[in-house]
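Chains, contacts and geometry: an overview
Here is what each chain is made of, one letter per residue.
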Amino acid sequence: MLMKLPFFKKKNSETKEESGLDMTPKHVAIIMDGNGRWAKNRGLPRIAGHKEGMDVVSDVVKVAVSFHIEILTLYAFSTENWKRPDTEVDYLLRLPKEFLHIYLPELMENNVRIETIGDLEVLPEHTKEAVYYAKEKTKNNDGLLLNFALNYGSRFEIMEAIRQIVTDIDTAKMDLDSLDEKTFTKYLYTKGQPDPDLLIRTSGEQRLSNFLLWQAAYSEFWFTDVLWPDFSAEIFKEALHDYQQRKRRYGGV
Ligand code: FPP
């Protein structure tokens, strides 16, 4: 039986009792969608929406910290986003640096550890430098794990895992008989991390868009029509509260 605690009414829930910690998702993943439409609605260039969306990330991180969420995974740039105009791609790939430039001190104060999932190798040097620096700087923090999905695509991740598994079998590092779901997850970017309990997508779209296909097998989904730049701490808390009402059965009864 799930306990429904009114933790969402508290402004800065800190204690286990106040936050309803037992019912708080360990891992929340967010598809931050709607930046372009937000900008268009205001007659602004699309990148203005991305810029506004960047600041929302900081608000969401603070809620995650305050609610003792262990992992927050944010879809910042997908393997399909390369199809956008060069200027937009260029801007999107500058955002991690800009975000970290502004918010790294705050993240340090909040004991946040930065990690990434995705293929960083092909990203511009300035993006990689900023991200590697932040990872190194925050590596001993043991609070929230803030996981940026950067040049991330779930199908690519799964294909790479298969490729590596085949190599490991070929070179006798692994025995085919020992391959099971648990072993498979060790070949994914999310190795060692619990699957997302709650997956949020903004902007009214209701699809996964190649995000965490394997990991989201039993995630609870929460959709809102709100465009990402208008997302807020309050709306995030609403999603967390809604999650508390869910009954997760994992195929059981
Ligand atoms: C999707 O909206 C959003 C993205 C592809 C980029 C997400 C990036 C941010 C929210 C900025 C924060 C990033 C960092 C690294 C801190 P869209 O452009 O597809 O919107 P649309 O569907 O309305 O066109």
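- Taking an unreviewed UniProt entry as the reference, the chain is identified by name as Isoprenyl transferase belonging to Lentibacillus cibarius.
- Word for word, the UniProt comment on the chain under Sequence similarities (unreviewed entry) is "Belongs to the UPP synthase family."

**Some thoughts on a nonpolar patch on the surface**
- On the surface, Met159, Ile162 and Val166 cluster together into a nonpolar patch covering about 250 Å² of accessible area.
- Note that Ile162 resides in helix 6 (residues 154-170).
- Given the relative accessible area of 38%, Ile162 is considered partly exposed.

**Quick look at the UniProt feature "active site" (unreviewed entry) in the chain**
- Listed under "active site" (unreviewed entry) in the UniProt record, and renumbered for this structure, are Asp33 and Asn81. These annotated residues cover 49 residues of sequence, and their C-alpha atoms lie no more than 12.3 Å from one another, placing them together at a single site. Residues from the annotated list that form part of the lining of the largest pocket: Asp33 and Asn81.
- Relative to the assigned elements, Asp33 resides in the loop between strand 1 (27-31) and helix 2 (35-41).
- On the basis of relative accessibility, which here comes to 17%, the residue Asp33 falls in the buried class.
- Judged by its relative accessible area of 15%, Asn81 is buried.
- Setting aside chain neighbours within four positions, we find Asn81 in contact with Ala76 and Val89.
- Among the polar contacts listed, one links the side chain of Asn81 to the backbone nitrogen of Ser78, at a separation of 2.8 Å.

**Thoughts on unusual backbone geometry**
- Of note in the backbone geometry, Asn210 takes a positive phi value of approximately 65 degrees without being a glycine.
- Inspection of the secondary structure puts Asn210 in the loop between strand 5 (198-201) and strand 6 (220-223).
- A relative accessible area of 14% places Asn210 in the buried class.
- In the Ramachandran plot, Tyr250 falls in the positive-phi region, its phi being about 50 degrees despite a non-glycine side chain.
- Looking at the secondary structure, you find Tyr250 in the segment after helix 8 (233-245).

Quick notes on the rules
- Residues numbered from 1 in each chain as written.
- Predicted model: local features only at pLDDT ≥ 70, side-chain atom pairs only at ≥ 80, totals over all residues.
- Heavy atoms only, no water.
- UniProt positions renumbered as here; feature names shortened; annotations may be inferred.
- Patch = residues over 30% accessible without salt bridge, like charges linked within 9 Å, V, L, I, M, F, W, Y side chains within 5 Å.
- Areas by Shrake-Rupley, 256 points an atom, 1.4 Å probe, with all protein chains shown as cover.
- Salt bridge = Lys/Arg side-chain N within 4 Å of Asp/Glu carboxyl O.
- Helix = DSSP H or I, 4+ residues; strand = E, 2+ residues; numbered from the N terminus.
- Buried < 20%, exposed > 50% of the residue type's maximum accessible area, 1.4 Å probe, protein only.
- 1 Å grid on protein atoms, 1.4 Å probe; cavity = no way out; pocket = protein on both sides within 12 Å on 5 of 7 lines; lining within 4 Å.
- Contact = heavy atoms within 4.5 Å.
- Polar contact = N/O pair within 3.5 Å; in protein donor to acceptor, adjacent residues only side chain to side chain.

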